[in-house]
Amino acid sequence: MPPPLPLYTLDALEPQVNVLPNGKARKPAIKLSDCTLKELVQYKCNLSISETKGQAPIILCEPFVRLLRQCEGGLSVETTAWEGWKAQQEGGTRNTSQ
Amino acid sequence: MAPRLANPHEWSRIAFNLSKVALVVHIFQRYIGGISPTAGMSMVPTIPVHYHKRPYILYSSLHRRGRGVKVGDVITYKSPVVASSQGCKRIVGMPGDFVSVVTPGRRDEDIEAVDVDGRWASLGQQVVQVPEGHCWVAGDNLEWSRDSRLFGPVPLGLVTGKVLAVMLPLSDAKWLGGELDVKDVQEKEHEWVIKR
């Protein structure tokens, strides 16, 4: 069995990226927004049964796009939820500073 | 019966040669690679599902135990929950990587259920870090896949190979791998995929 996995909220992701799985600090530290943004497309597929008789059902696949930040040294961080959260945070701080 | 086959020594010679062939095939498939049929809908639309013809994949066993695999690769692995069964899924995270929390797919009893509030395969606002010596796998058909969302990270020691390509059916034949499937972000919206 794998060890128990702690969950990190989106605001904890940036500091946590610089902690190695063994608990030690990552050297040199990585800034998440400096890593290359990539995507990996997966799907959610379901059968769609046609109303007209005699037609074979088709499989409809809705895309589920995963966003990945690929950093130097091979680290990959999924930022599907983080990108939107980060943009909102930056927009929010800009608004308050105005 | 031909006089040769009446001889018991001849039978033992044939059996010995057959077992040599079986041994070579076994060693080749386990340590180098081969072609294998697959079943199930967890990798649709990448690996299609068909009632009559089973899809065939080309796999490399040189990548067994997770050697040289990376995010975006499709792997085969011994199931950590069902003994003696194998799975085939895509790697989303390698040791130390971070992966988004996504709710599990449908279960057998949900086959007729209508999804109203994004119950299956919906994105959460949290991430997990993949522990050392493990990888995080997810089927391409997130709504109908049993993967790391259900049983957690898979030990790299259970990885039996990397899927290099889909070979049959010819209409779906393609090369697979992280270098092909992890792409630069595209601006326009992704289209739905229709399979017949």
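Throughout, a residue's number is its position along its own chain's written sequence, starting from 1. All chains are assigned letters beginning at A, and all ligands numbers beginning at 1, according to the order in which they are written. The predicted origin of the model limits local features to residues at a pLDDT of at least 70 and limits the giving and counting of side-chain atom pairs to 80 or more, whereas totals for whole chains, interfaces and linings rest on all residues. Processing note: side-chain calculations cover all non-hydrogen atoms of the structure and skip hydrogens and water entirely.

Participant: Now, about the state of the cysteines: what can you tell me, with residues and values included?
Facilitator: Residue and element names in this part refer to chain A. Criterion for a disulfide: a pair of cysteine sulfur atoms at a distance within 2.5 Å. All chains considered together, the criterion is met by 2 disulfides over all chains. Two residues, Cys35 and Cys71, share a disulfide whose sulfurs are 2.1 Å apart. A torsion of 100° about the S-S bond marks the disulfide between Cys35 and Cys71 as right-handed. Here Cys35 is found in the loop between helix H1 (10-16) and strand S2 (36-48), whereas its partner Cys71 is found in the loop between strand S3 (58-70) and strand S4 (76-78), with 36 residues between them in sequence. The same class applies to Cys35 and to Cys71, which are both buried. Numbering of helices and strands starts at the N terminus; helices are DSSP runs of H or I of at least 4 residues and strands are runs of E of at least 2. Each residue gets one of three labels from its accessible area relative to the maximum for its type: buried under 20%, exposed over 50%, partly exposed in between, using a 1.4 Å probe on protein chains only.

Participant: I'd like a description of a nonpolar patch on the surface, backed by residues and values.
Facilitator: Taken together, B:Leu23, B:Ile27, B:Phe28, B:Tyr31, B:Ile32 and B:Leu62 make up a surface patch of nonpolar side chains, about 580 Å² in accessible area. By relative accessible area, which is 41% here, B:Ile32 ends up partly exposed. The patch calculation keeps residues exceeding 30% relative accessible area without a salt bridge and links them within 9 Å when they carry like charges or within 5 Å when they are nonpolar (Val, Leu, Ile, Met, Phe, Trp, Tyr). Areas reported here follow the Shrake-Rupley algorithm with a probe of radius 1.4 Å; residue values treat only the protein chains shown as occluding. Here, a salt bridge means any side-chain nitrogen of Lys or Arg that lies within 4 Å of a carboxyl oxygen of Asp or Glu.

Participant: Account for the interface of chain B and chain A, naming residues and giving values.
Facilitator: Only heavy atoms enter the contact rule, under which two residues are in contact if any of them lie within 4.5 Å. Between chain B and chain A, the residue contacts involve 50 residues of the former and 44 residues of the latter. Across the interface of chain B and chain A, roughly 4300 Å² is buried in total on both sides, 62% from carbon and sulfur atoms. In this structure, B:Asp184 and A:Lys38 form a salt bridge, with 2.9 Å as the shortest nitrogen-oxygen distance. Broken down by element, the side of chain B that touches chain A gets its largest block of residues, 7 residues, from strand S6 (residues 123-129) of chain B. Classification convention: Asp, Glu, Lys, Arg as charged; Ala, Val, Leu, Ile, Met, Phe, Trp, Tyr, Cys, Pro as nonpolar; all other residues, Gly among them, as polar. Here the residues of the side of chain B that touches chain A are counted per class, giving 26 nonpolar, 12 polar and 12 charged. By the bridge criterion, 3 bridges tie strand S1 (residues 7-9) of chain A to S6(B) in an arrangement that is antiparallel. Each residue of the ladder has a partner; that of A:Tyr8, found in S6(B), is B:Val127. Here's the idea: put two parts together, see how much 1.4 Å probe accessible area each one loses, and the total over both is what we call buried area. We call two strands paired when DSSP finds no fewer than two bridges between them.

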